[in-house]
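These are the residues of each chain, in order.
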Amino acid sequence: MDIREIIDRIYRMPESSAVRLAACMSSLSRPRGYCVLEAGRVEPNLFFIGRGIARACISADGKKVTFWIGAEGSALVSLKSYVDDEPGYETVELMEDSLLYVLKRSDLERFLAEDIHIANWARRFAESEFLRTEQKLIPMLFLPAARRYETLLRERPELLRRVPLETLASYLGITPVSLSRIRARMKSKYIIRKSKCSTDFKRNDFLKKTKRTHWVRFVHLNSLIESCVFLYLWNSPFDTFL
């Protein structure tokens, strides 16, 4: 995904404003495992993922707890660093070799004062980020683990092949063992449902074939009766019917 796609997906601006914003961004490639943001470090700039996937995590009891996963088009930003120039609390680690686009805070702040369209773009960007946070937080608070996993399957199925299950379990707020059990139950239900569908299909197919066979037999029988009647009439004396 190139930078213009990312910009336009957030908010479509006049061409001149979009070109101006895109021109000030630089691209950089970083390997898997690279930490774009680190807890305790000030990083006021914004990063956008052009290719790859990343996770945001914090350390708790000696373990890394993943609370956010982003792929192409997602933004990486430490709000504490951007807003207050203070060290961030999160670490953002790349899960794949990635291409990033960097937007310096100084450039963005200058554009906000000079270009109303870029200011509207930034407002829309902030609104979309708040909305994503809400959409992630509410299911974590109120939905059971199995429902959260079903939502992930429905809305972000690509994560299953790009992110380790241990990381997904942390993102869902459950243990890897619990995630394995949920997956096993869902797989079992799928197999049963698939088997039932296959049985129903075979039964329906049999009924269709049976109905078709009966119809063919009926047509043949009807044709035979008509032929017999015709021969009877043909061979009977004319005065029989007078």
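Presented here is an overview of the structure given in this document. Values in this document were obtained by computation on a predicted structure and should not be read as measured data.

So, how was this worked out
- Throughout, a residue's number is its position along its own chain's written sequence, starting from 1.
- Two thresholds apply to this predicted model, a pLDDT of at least 70 for residue-level local features and 80 or more for giving and counting side-chain atom pairs, whereas whole-chain, interface and lining totals are computed over all residues.
- Working from all heavy atoms in the structure, the side-chain values ignore hydrogens and water.
- Strands are runs of DSSP state E lasting at least 2 residues, helices are runs of H or I lasting at least 4, and numbering of each runs from the N terminus.
- Think of it in three bands: residues with accessible area under 20% of the maximum for their type are buried, residues over 50% are exposed, and the middle band is partly exposed, with areas taken using a 1.4 Å probe on protein chains only.
- In this description, contact between two residues means that some pair of their heavy atoms is separated by no more than 4.5 Å.
- Exposure was quantified through the Shrake-Rupley algorithm and a 1.4 Å probe, taking into account, for residues, occlusion by the shown protein chains and nothing else.
- In this analysis, strands are considered paired if DSSP registers two or more bridges between them.
- Any pair of Phe, Tyr and Trp rings, taking the six-membered ring for Trp, is counted once the centres come within 6.5 Å. Such a pair is stacked with planes under 30 degrees apart, edge-to-face with planes over 60 apart, and tilted for the rest.
- Note on geometry: axes are C-alpha line fits, over the in-contact stretch for helices, and angles between N-to-C directions span 0 to 180 degrees.
- Convention used here: angles under 35 degrees read as roughly parallel, angles over 145 as roughly antiparallel, angles from 65 to 115 as roughly perpendicular, and any remaining angle as oblique.
- The handedness criterion is simple: a crossing whose near helix is rotated anticlockwise from the far helix by less than a right angle is left-handed, and one whose near helix is rotated clockwise is right-handed.
- Three classes are used, and their members are as follows: Ala, Val, Leu, Ile, Met, Phe, Trp, Tyr, Cys and Pro are nonpolar, Asp, Glu, Lys and Arg are charged, and the others, Gly among them, are polar.

### So, the overall build of the protein chain
A count of helices and strands for the protein chain gives nine helices and eight strands. Counting over 242 residues, the protein chain shows a buried share of 33%. Pairs at least 24 residues apart make up 69% of the contacts formed inside the protein chain by residues separated by at least 6 positions. Per element, the accessible surface of the protein chain, about 15,900 Å² overall, is 58% carbon and sulfur.

### Focus on the sheet that holds strand β3 (residues 46–51)
One open sheet accounts for four strands, arranged β1-β8-β3-β6; its pairing is antiparallel. Edge positions in the sheet fall to β1 (26–30) and β6 (75–76), since each of these pairs with one other strand and no more. As judged from the five bridges shared by β3 and strand β8 (residues 98–103), these two strands associate in the antiparallel manner. Opposite phenylalanine 48, over in β8, you have tyrosine 101 as the bridge partner.

### Considerations on the packing of aromatic side chains
Applying the stated criterion to the full structure yields three aromatic pairs. Ring plane angle 55° and centroid distance 6.3 Å describe the contact between phenylalanine 48 and tryptophan 121, whose orientation is recorded as tilted. A residue pair is termed long-range when its members are at least 10 positions apart, and phenylalanine 48 in strand β3 and tryptophan 121 in helix α5 (residues 116–142) qualify at 73 residues. We classify phenylalanine 48 as buried; its relative accessible area is 0%.

### Digging into the packing of helix α4 (residues 105–114) against α5
Packing of α4 against α5 brings their axes to within 6 Å, and their N-to-C directions diverge by 120°. If you check the angle between α4 and α5, you find them oblique. Helix-helix and strand crossings are classified by hand; for α4 and α5 the assignment is left-handed. Packed against α4, whose contacting residues are Leu108, Phe111, Leu112 and Glu114, the element α5 presents Ile116, Ile118, Ala119, Trp121 and Ala122 at the interface. When grouped by side-chain class, the residues that make up the contact of α4 with α5 number eight nonpolar, no polar and one charged.

### Quick notes on the pairing of strand β7 (residues 91–94)
The side-chain alternation of β7 yields two buried faces, one formed by Thr91 and Glu93 and the other by Val92 and Leu94. Two strands pair when backbone bridges link them, and strand β2 (residues 35–37) and β7 are joined in this way by two bridges, in the antiparallel orientation. In the strand pairing of β7, cysteine 35 is matched with glutamate 93. When strand β4 (residues 54–60) meets β7, the two strands line up antiparallel, connected through four bridges. When the sheet's bridge partners are listed, alanine 56 is paired in β7 with valine 92.

### Some details on the sheet that holds strand β5 (residues 63–70)
Neighbouring strands of a sheet are bound in pairs by backbone hydrogen bonds; such pairs are parallel or else antiparallel. The strand order across the open sheet formed by four strands is β2-β7-β4-β5, and the pairing between neighbours is antiparallel. At either end of the open sheet lies a strand with only one pairing partner, and these are β2 and β5. Sheet twist, expressed as the mean angle between neighbouring strand axes with direction ignored, is 35°. Relative to β5, β4 runs antiparallel, the two sharing seven bridges. The residue bridging alanine 60 from the neighbouring strand is lysine 63, located in β5. Sitting on the sheet, helix α8 (residues 165–172) is in contact with β4 and β5, with an inclination near 85° to β5.

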